[in-house]
Amino acid sequence: MKFLVIGGAGYIGSHFIYEAIEQGYQCIALDNLSEGHRQALHPDCDFVEGDLLDLQLLKKVIVDVNPDAVFHFAAYALVGESVSDPSKYYRNNVEGVRTLLEAMREQCPQTPLVFSSTCAVFGVPESLPMKENDPKKPISPYGRSKLMAEYLIEDYANAYGIKGMALRYFNACGAHESARIGEAHRCETHLIPNVIKSTLGGKPLVIFGDVFDTPDGTCVRDYIHVKDLAIAHIKAAEILIKKPKGFYDVYQLGTGQGYSNLEIVKTIEKVVGRPVEFSYGDPRPGDPPALYTAVEKAREGLGFEAQYSSLDYIIRTAIAWHEAHPDGF
Ligand SMILES: NC(=O)c1ccc[n+]([C@@H]2O[C@H](COP(=O)([O-])OP(=O)(O)OC[C@H]3O[C@@H](n4cnc5c(N)ncnc54)[C@H](O)[C@@H]3O)[C@@H](O)[C@H]2O)c1
Ligand SMILES: O=c1ccn([C@@H]2O[C@H](COP(=O)(O)OP(=O)(O)O[C@H]3O[C@H](CO)[C@@H](O)[C@H](O)[C@H]3O)[C@@H](O)[C@H]2O)c(=O)[nH]1
């Protein structure tokens, strides 16, 4: 089977491709390398350098590849930047999805689409753990753009028979067990890489806020290893392939267990064997105090349960990647 992977040179997309190729699937990545890295691509993965917003290119690639499933990882994903430059986010994350849906509607209306969504569609959750159908009140243009994209896919499924699944990830983390690929965002905002980089001589760590309504005052998040995300995507595609036209559903991917920012720092200290220096800063605007998912729907609907997301494995694989590639790719 052949998978077309939009955004395949990015962090999560590149780990998905490694897993899919290791499981025997053929992969073709399309990426404009605005954030991704050519070196992140598996050596057996075919690559088209191009833009999601280029409808003619998408149609041509779909005809040439004739994929059995399409995976859409490409987006801009910095919450803060989305507040200061929403136009950039709505264009790439909403118009990009519409362009892809148009290309698929014309060239491969039966082919399943698996879409990267986020727990940021909820904003500040009304209750925990968060369930798929809980109320959604996103508080950033990034979260809103992803919620709009979910609606677009659902509407195209209802009206034109597209088959789609939105997978809402909680906090993606970790690296490939080989340490050949890992998290290498050009502007790194995520906690785990920032803690690790601070131990390797990078920028000093600032923990954003210690006065949240959580057990130790720091934010709580649900961390899921990129290998688990990759496995869930393959399960989603295998299920979607067998579904009738017009099928659409949403699943959340996390472990169901929350860890505070301080617990992450303490675990990294234990693994590296020395103290991590940090200071407390102001809370980051738009950070909800606690986010963790209910896992029942993914367990029942996808047969998915995280297996590679112990904090110890996440941190060990992430450290191995950063030690092997201190300057990224
Ligand atoms: N990292 C997380 O914790 C997290 C959590 C929830 C959801 N997500 C979502 O998962 C997806 C992947 O996230 P990531 O962390 O791997 O991000 P990433 O930036 O590393 O990967 C995105 C890739 O898409 C490419 N891209 C962006 N716009 C494009 C365009 N117009 N045309 C072609 N390629 C384009 C980039 O070059 C990059 O390679 C995103 O949709 C993100 O919103 C990420
Ligand atoms: O240097 C840092 C970096 C992060 N944090 C805190 O660590 C926690 C986790 O932050 P981060 O790793 O940036 O992830 P989130 O902000 O939780 O991730 C959100 O942002 C992603 C976009 O990058 C979305 O896709 C996810 O769905 C959404 O949960 C938050 O409390 C941050 O304030 C720090 O204290 N210091």
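Keep in mind that this is a model prediction, so the values were computed, not measured.

Enquirer: Honestly, the overall build of the chain in this entry has me stumped. Any pointers?
Expert: Scanning the chain for helices and strands turns up 10 helices and 13 strands. The globule rule puts the C-alpha radius of gyration for 329 residues at 20 Å, and the 19 Å found for the chain is close to it. Across the 329 residues that make up the chain, the buried fraction comes to 47%. Look at the contacts in the chain between residues 6 or more apart in sequence, and 79% of them connect residues 24 or more apart.

Enquirer: Just checking my understanding: could you explain the site of ligand 2 for this structure?
Expert: Around ligand 2 sit 19 residues, and of these Thr118, His190, Leu191, Phe208 and Cys219 come closest. By residue number, the principal contributor to the shell around ligand 2 is strand S8 (residues 205-208), which donates 3 residues. Tallied by class, the residues present in the shell around ligand 2 amount to 10 nonpolar, 6 polar and 3 charged.

Enquirer: Just checking my understanding: could you explain the confidence of the model for the chain for this structure?
Expert: Do not read the fine detail of predicted coordinates wherever pLDDT is low. Here the chain averages 97 in pLDDT, while 100% of its residues score no lower than 70. Scoring the predicted complex yields pTM 0.98 and, for the interface, ipTM 0.97.

Enquirer: Sorry if this is basic, but what is going on with the site of ligand 1 here?
Expert: In the neighbourhood of ligand 1, 27 residues make up the surrounding shell, with Gly7, Gly10, Tyr11, Gly36 and Ala75 lying closest. Put simply, the parts of the chain that give the shell around ligand 1 at least two residues each are helix H1 (11-22), helix H4 (86-107), strand S5 (113-118) and strand S7 (171-173). At 3 residues, H1 tops the list of elements feeding residues into the shell around ligand 1. Looking at the shell around ligand 1, its residues break down into 12 nonpolar, 12 polar and 3 charged.

Enquirer: Where do I start with the sheet that holds S5 in this structure?
Expert: What holds strands together in a sheet is hydrogen bonding between their backbones, with the strands either parallel or antiparallel. Pairing within the open sheet is parallel, and its 7 strands lie in the order S3-S2-S1-S4-S5-S6-S11. Two strands in the sheet have a free side with no partner beyond their single neighbour: strand S3 (46-49) and strand S11 (248-253). Sheet twist, expressed as the mean angle between neighbouring strand axes with direction ignored, is 20 degrees. Examined bridge by bridge, strand S2 (residues 26-31) and S3 share 4 bridges and lie parallel to one another. Each bridged residue has a counterpart across the sheet, and for leucine 30 the counterpart in S3 is valine 48. Contacts from helix H2 (residues 55-65) reach strand S1 (2-6), S2 and S3 within the one sheet, and its direction differs from that of S1 by about 160 degrees. Sheet contacts for helix H7 (residues 226-241): strand S4 (69-72), S5, strand S6 (164-169) and S11; angle to S6, the most-contacted strand, approximately 160 degrees.

Enquirer: Is there a simple way to explain the UniProt feature "domain: NAD-dependent epimerase/dehydratase" (unreviewed entry) in the chain in this structure?
Expert: UniProt's entry tags residues 4-239 with the feature "domain: NAD-dependent epimerase/dehydratase" (unreviewed entry), counted in the numbering of this structure. Secondary structure within residues 4-239 divides into 40% helix and 17% strand; the distance between the first and last C-alpha atoms comes to 17 Å.

Enquirer: Where do I start with unusual backbone geometry in this structure?
Expert: Of all residues except glycine, most have a negative phi; of all peptide bonds, most are trans. The residue after leucine 128, namely proline 129, is reached through a cis peptide bond having omega -10 degrees. Residues other than glycine seldom take positive phi values, yet alanine 179 does so here, at roughly 65 degrees. For alanine 179, the location among the structural elements is in the loop between S7 and helix H6 (191-199). Exposure remark for alanine 179: the 16 C-beta atoms within 10 Å place this residue in the partly exposed category.

Enquirer: Sorry if this is basic, but what is going on with the environment of arginine 105 here?
Expert: Positionally, arginine 105 belongs in helix H4. Sequence separation between arginine 105 and alanine 157 is 52 residues, and the spatial gap between their C-alpha atoms is 9.7 Å. Excluding residues within four positions of it along the chain, arginine 105 makes contact with Tyr156, Tyr160 and Ile162.

Enquirer: Would you take a moment to explain the nonpolar core for this structure?
Expert: Note on soluble globular proteins: their nonpolar side chains tend to be buried together. Membership of the largest hydrophobic core comes to 99 residues, with the highest contact counts inside it found for Val5, Ile6 and Leu167. Apart from residues lying up to four places away in sequence, valine 5 is in contact with Gly13, Phe16, Ile17, Cys27, Ile28, Ala29, Phe71 and Phe73.

Enquirer: What should I look at first to understand H2 in this one?
Expert: An α-helical segment advances 3.6 residues per turn. Residues three or four places apart therefore align on the same side. Listed in full, the buried residues belonging to H2 are Leu58, Val61, Ile62 and Val65. Down the axis of H2, the smallest arc covering the buried residues is 100 degrees, so these residues share one side. Pointing more than 90 degrees away from the buried face of H2 are the exposed residues Gln56, Val63 and Asp64. For H2, the secondary structure elements touched by its buried residues are S1, S2, S3 and H4. In the segment just after H2, asparagine 66 is the residue with positive phi, at about 50 degrees.

Reading the values: the criteria
Residues numbered from 1 in each chain as written. Chains lettered and ligands numbered in written order. Predicted model: local features only at pLDDT ≥ 70, side-chain atom pairs only at ≥ 80, totals over all residues. Helix = DSSP H or I, 4+ residues; strand = E, 2+ residues; numbered from the N terminus. Rg over C-alpha atoms; globule rule 2.2 N^0.38 Å. Buried ≥ 20, exposed ≤ 12 C-beta atoms within 10 Å, placed from the backbone. Contact = placed C-beta atoms within 7 Å. Near = placed C-beta within 6 Å. Nonpolar A, V, L, I, M, F, W, Y, C, P; charged D, E, K, R; others polar. pLDDT = per-residue confidence, 0-100. Pairing = 2+ DSSP bridges. Axes fitted to C-alpha atoms, helices over the stretch in contact; angles between N-to-C directions. UniProt positions renumbered as here; feature names shortened; annotations may be inferred. Core = buried A, V, L, I, M, F, W, Y, C linked by C-beta atoms within 7 Å. Arc of directions from axis to C-beta.

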